[in-house]
Amino acid sequence: MIECPTCSNQEFVGTLYCGECGTRLVHTSPLKGVVATREAVSQGVFGDAPHPDTAELQSGVLLGLRVLGTDEILPLIGRENYTLGRSGEGQAVIPDIDLSQYSAFESGVSRIHSEIRLTEENVAVVDLDSANGTLVNNARLDPQKATPIHHGDIIQLGQLRLQLISRYH
Amino acid sequence: MPGQSYYALLGVPRSASVEELRRGYREAALELHPDTNRRPGDTERFLEVQQAYETLIDPDRRAAYDVELAEEEARLASRSSFRCHVLQSRKNLLQLDEPQVHYILFEISPATGLPDVRPPVNLTIVIDRSTSMRGQRLDLVRSAALSIISNLEPGDSASVVAFSDRAEVFVSPDQARDPSVARARLSLLQAGGGTEIAQGIEAGLGELKHNFSRDGVNQMILLTDGRTYGDEDACRALANHAAGMGIAINCVGIGSEWGDNLMDEIAGKTGGNVVFLDSPHAISDLLQGIFDTLTHVVASRVRIEGSVSVAVDVRSVFRLEPEPMPLGDALPFFLGHLPRDGAIRLLVEAVVQPVSDLKELVLGQFTVNGDILGQGSEATGLPLQVSIPVTLDPDPTPPPEDIVSALSFISLYRMQEKARIEAGLGEALQAARRLENLATQLLATGERDLAKAALSEADRLNHTRKLSTEGEKMLKYGTRALLLPAKSSAR
């Protein structure tokens, strides 16, 4: 059996999408210990407070977003796209990656701000008509237009800055 | 060399080792040996098995046989009226002592050199005339039917059946040939009475059978806005009957009160399709669209026959193209009509039981078959063996993009389905949470309207513990439509 990294649902080996929550399971492996646990994903970190320089190595994250100003890396595992934003009271649609705990509101992050898309060719970011816009390396993106991003690029949502960590080239 | 290959006789894969050949031979011989066999013909089969074993166990003779077999199969395949491309989600299965899920995508297209003719169309439009159809709905349906009838070509045949508690042939094929007669007959069509769908289907099939066209396309379009009570089993039996004859049934549900689950079953059994119209205004364009599609069909009653291995359970069968539709999971799979310039794509989800002592598993032996229109005879079937190696190490290559993208949409469809089942069982909170999750994912794929619909149904569940009949249909047919080729390739 394999375990869904998002909802811990058990599925037969070979299943491509979780039957419970619809999460893509392609990157999970049937080997024990490689599966991301629910806690790790919901906390958004692997391991204990890694040193900034080696954070990405210690975390074991192949693809993730580093929240600048903190030591934390949010792994991008198990899906093809992630919405970025913040949660608010009484809000039904919660972004895949909730940035509330990083002062998202104060930084001017919209509830559904932008989206990261993973394809075989590249990683791209799309601004979802956010109020304060999305910037990649200080260049403002046109809304709804996918822009490829690479390892080390800075993605800015309002005033909140994230850095793409990618071991894929 | 008609009949089974030597490998099939011994029940072993093409790549069988000497050990596997021996084992296959032993098992077959034990069953067929003249000392013990009972059925007539077993002795002949025993001799064939012996010949097969003697040929394959000798490396030189096996090599020669392999060449001969490949040529023979290529010849059969090239004579066939169909082409079929098979994709599997993984390149190999794992040697595991637990079940595994495996996906197989069949893409069936017409062979080159098939007759290029517009097939005659034999159509029956079956109209629900129950009280709820009164007024605008029936007016629009009436004029849509009339516009189809006025555009028939010589050789086509059309009729209109109307039903409430009883069914009646309103426009016979003879009357349909004269538009003024058809118009006069249709103007007499008034709404009134209940909805007994089996009556309508039965009368419609009667008309279709009467004018059955061997080299044409035979189709029923069933229009309803209500639910049938008590005759569901009769409807299913009639659908099976239609499928066997090669008649496809397309269902059109108008408004929010029709029984979509039964319509899905009826259409699914026959390789047809179901369309949800929340307002009747689009009915004329829709009927015209269906009719135009029928004139571009090259083969009807297309199906996959055969059997799967005992280790394989078919869990679901989803047609992706031409119209996305979940089909019945029992062989043969009735796939409907094959368009001349297109393909039928079918995604089969299978659970494979533990296969620890095999190097290669034959998942199934199939034949793609159908009636080629304009040829007046059954097509030359395409034999297909689908097999997969079984290894210790997982396959590192990602699954084919075609399978992944189809499944990403099917998984949204399944979420909607689950929420609906949960709501039906009274687990409203669970269902609401699922719909909220669905809304998030729909939003991520850019489907704002559907996401909104999912959210408003989640709200409704939280407040009233029930889904709206309109919302549940919108989500079902909305998520199903995400699979339409135009939509999925736009992303």
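Calculation notes
Residues numbered from 1 in each chain as written. Chains lettered and ligands numbered in written order. Predicted model: local features only at pLDDT ≥ 70, side-chain atom pairs only at ≥ 80, totals over all residues. Helix = DSSP H or I, 4+ residues; strand = E, 2+ residues; numbered from the N terminus. Rg over C-alpha atoms; globule rule 2.2 N^0.38 Å. Buried ≥ 20, exposed ≤ 12 C-beta atoms within 10 Å, placed from the backbone. Contact = placed C-beta atoms within 7 Å. Pairing = 2+ DSSP bridges. Axes fitted to C-alpha atoms, helices over the stretch in contact; angles between N-to-C directions. Nonpolar A, V, L, I, M, F, W, Y, C, P; charged D, E, K, R; others polar. Core = buried A, V, L, I, M, F, W, Y, C linked by C-beta atoms within 7 Å. Domains from an automatic or database assignment. Parallel < 35°, antiparallel > 145°, perpendicular 65-115°, else oblique. Left-handed = near helix turned anticlockwise from the far one by under 90°.

### Description of the overall build of chain B
Then, in step 1: From N to C terminus, chain B includes 16 helices and 17 strands.
Then, in step 2: For chain B, whose C-alpha radius of gyration is 26 Å, the value lies close to the compact-globule estimate of 23 Å for 491 residues.
Then, in step 3: For chain B, the spread of C-alpha atoms along the three principal axes comes to 80 × 55 × 45 Å.
Then, in step 4: Within chain B, buried positions represent 47% of all 491 residues.
Then, in step 5: Pairs at least 24 residues apart make up 71% of the contacts formed inside chain B by residues separated by at least 6 positions.

### Overview of the overall build of chain A
Then, in step 1: Looking only at helices and strands, chain A has two helices and 13 strands in total.
Then, in step 2: Relative to its full complement of 169 residues, chain A shows a buried share of 41%.
Then, in step 3: Sequence separation of 24 or more characterises 40% of the internal contacts of chain A that already satisfy a separation of 6 or more.

### Points about the sheet that holds strand S14 (residues 344-352) of chain B
Residue and element names in this part refer to chain B.
Then, in step 1: Pairing within the open sheet is antiparallel, and its five strands lie in the order S1-S3-S14-S11-S12. At either margin of the open sheet sits one strand with a lone partner, and together these are strand S1 (82-88) and strand S12 (325-327). For this sheet, the mean angle separating the axes of adjacent strands, direction not counted, is 25°.
Then, in step 2: Two elements, strand S11 (residues 312-321) and S14, share eight bridges in a ladder whose sense is antiparallel. Residue pairing for S14: Glu-321 is matched across the bridge by Arg-345.
Then, in step 3: Seen against the sheet, helix H12 (residues 401-424) touches S1, strand S3 (100-110), S11 and S14 and runs at an angle of roughly 110° to S3.

### What about the environment of Val274(B)?
Residues and elements named next belong to chain B.
Then, in step 1: Relative to the helices and strands, Val-274 is located in strand S9 (residues 274-277).
Then, in step 2: When the C-alpha positions of Val-274 and Pro-324 are compared, they lie 9.3 Å apart, and in sequence the two are 50 residues distant.
Then, in step 3: Residue contacts for Val-274: discarding those within four places in its chain leaves Cys-251, Gly-253, Asp-260, Met-263, Asp-264 and Ala-267.

### As for the interface of chain B and chain A
Then, in step 1: Each side of the interface is counted separately: chain B has 29 residues, and chain A has 20 residues.
Then, in step 2: Contributions of two or more residues to the side of chain B that touches chain A are made by S3, H12, helix H13 (428-444) and helix H14 (448-464) of chain B.
Then, in step 3: For the side of chain B that touches chain A, a count of residues per class yields 17 nonpolar, eight polar and four charged.

### Notes on the nonpolar core
One broad rule of soluble globular proteins: the nonpolar side chains tend to lie buried together.
All names here are of chain B.
Then, in step 1: Core analysis: the biggest nonpolar cluster contains 167 residues, and Val-126, Ala-145, Ile-221, Ile-249, Ala-439 and Ala-454 have the highest contact counts within it.
Then, in step 2: Beyond its immediate sequence surroundings of up to four residues, Ile-249 is in contact with Met-220, Leu-222, Ala-239, Ala-242, Ile-266, Ala-267, Thr-270 and Gly-272.
Then, in step 3: Formed by 12 residues, the second largest nonpolar core is a distinct cluster that contains Tyr-7, Leu-9, Leu-32 and Leu-56.

### Considering the environment of Gly216(B)
Residues and elements named next belong to chain B.
Then, in step 1: Relative to the assigned elements, Gly-216 resides in the loop between helix H8 (197-210) and strand S7 (217-224).
Then, in step 2: For the pair Gly-216 and Val-362, spaced 146 residues apart in sequence, the C-alpha to C-alpha distance is 36 Å.
Then, in step 3: Sequence-distant contacts of Gly-216, that is, excluding residues within four places in its chain, are made with Pro-119, Pro-120, Val-121, Asn-122 and Leu-373.

### Some remarks on the domain arrangement of chain B
Then, in step 1: Under the domain assignment used here, chain B contains domain 1 (6-77), domain 2 (80-115 + 297-391), domain 3 (121-294) and domain 4 (401-489).
Then, in step 2: Domain 1 of chain B and domain 3 of chain B are separated by 52 Å when their C-alpha centres are compared.

### Regarding the pairing of strand S5 (residues 81-85) of chain A
Residue and element names in this part refer to chain A.
Then, in step 1: Burial runs high along S5: four of the five residues are buried.
Then, in step 2: Sheet topology note: the S5/strand S7 (residues 112-118) ladder contains five bridges and is antiparallel. Across the sheet, the residue bridging to Leu-84 is Ser-114, located in S7.
Then, in step 3: Across two bridges, S5 lies against strand S6 (residues 97-98) in parallel orientation. When the bridges of S6 are listed, Leu-84 appears paired with Ile-97.

### Quick look at the packing of H12(B) against H13(B)
Residues and elements named next belong to chain B.
Then, in step 1: In the contact formed by H12 and H13, the axes pass within 8 Å of each other and the chain directions differ by 160°. With respect to their mutual orientation, H12 and H13 come out roughly antiparallel. As for the relative orientation of H12 and H13, their crossing is left-handed in sense. Contacts from Leu-412, Met-415, Gln-416, Lys-418, Ala-419, Glu-422 and Ala-423 in H12 reach Ala-428, Gln-430, Ala-431, Arg-434, Leu-435, Asn-437, Leu-438, Gln-441 and Leu-442 in H13.
Then, in step 2: For the contact of H12 with H13, the per-class residue count stands at nine nonpolar, four polar and three charged.

### Some points on the sheet that holds S6(A)
Then, in step 1: The sheet built from five strands is open, its strands ordered S6-S5-S7-S8-S11 (chain A) with mixed pairing. Strand pairing shows two members of the sheet lacking a second neighbour, S6 and strand S11 (147-149) of chain A, which therefore form its edges.
Then, in step 2: Where H13(B) meets the sheet, its contacts fall on S5 and S7 of chain A, and the angle it forms with S5(A) comes to roughly 100°.

### Remarks on the pairing of strand S17 (residues 382-391) of chain B
Then, in step 1: Note that strand S2 (residues 93-94) of chain B and S17(B) share two bridges and pair parallel. Bridged to Leu94(B) within S17(B) is Thr391(B).

### Points about unusual backbone geometry
Then, in step 1: Omega for the peptide link from Glu321(B) to Pro322(B) comes to 0°, which places this bond in the cis form.
Then, in step 2: When you line up the elements, Pro322(B) lands in the loop between S11 and S12.
Then, in step 3: Put simply, Leu331(B) and Pro332(B) share a cis peptide bond, and its omega is -5°.
Then, in step 4: With respect to the helices and strands, the residue Pro332(B) is situated in the loop between S12 and strand S13 (333-339).
Then, in step 5: The backbone phi angle of Asp129(A) is positive, close to 55°, even though this residue is not glycine.
Then, in step 6: With respect to the element layout, Asp129(A) can be found in the loop between strand S8 (123-127) and strand S9 (134-136).

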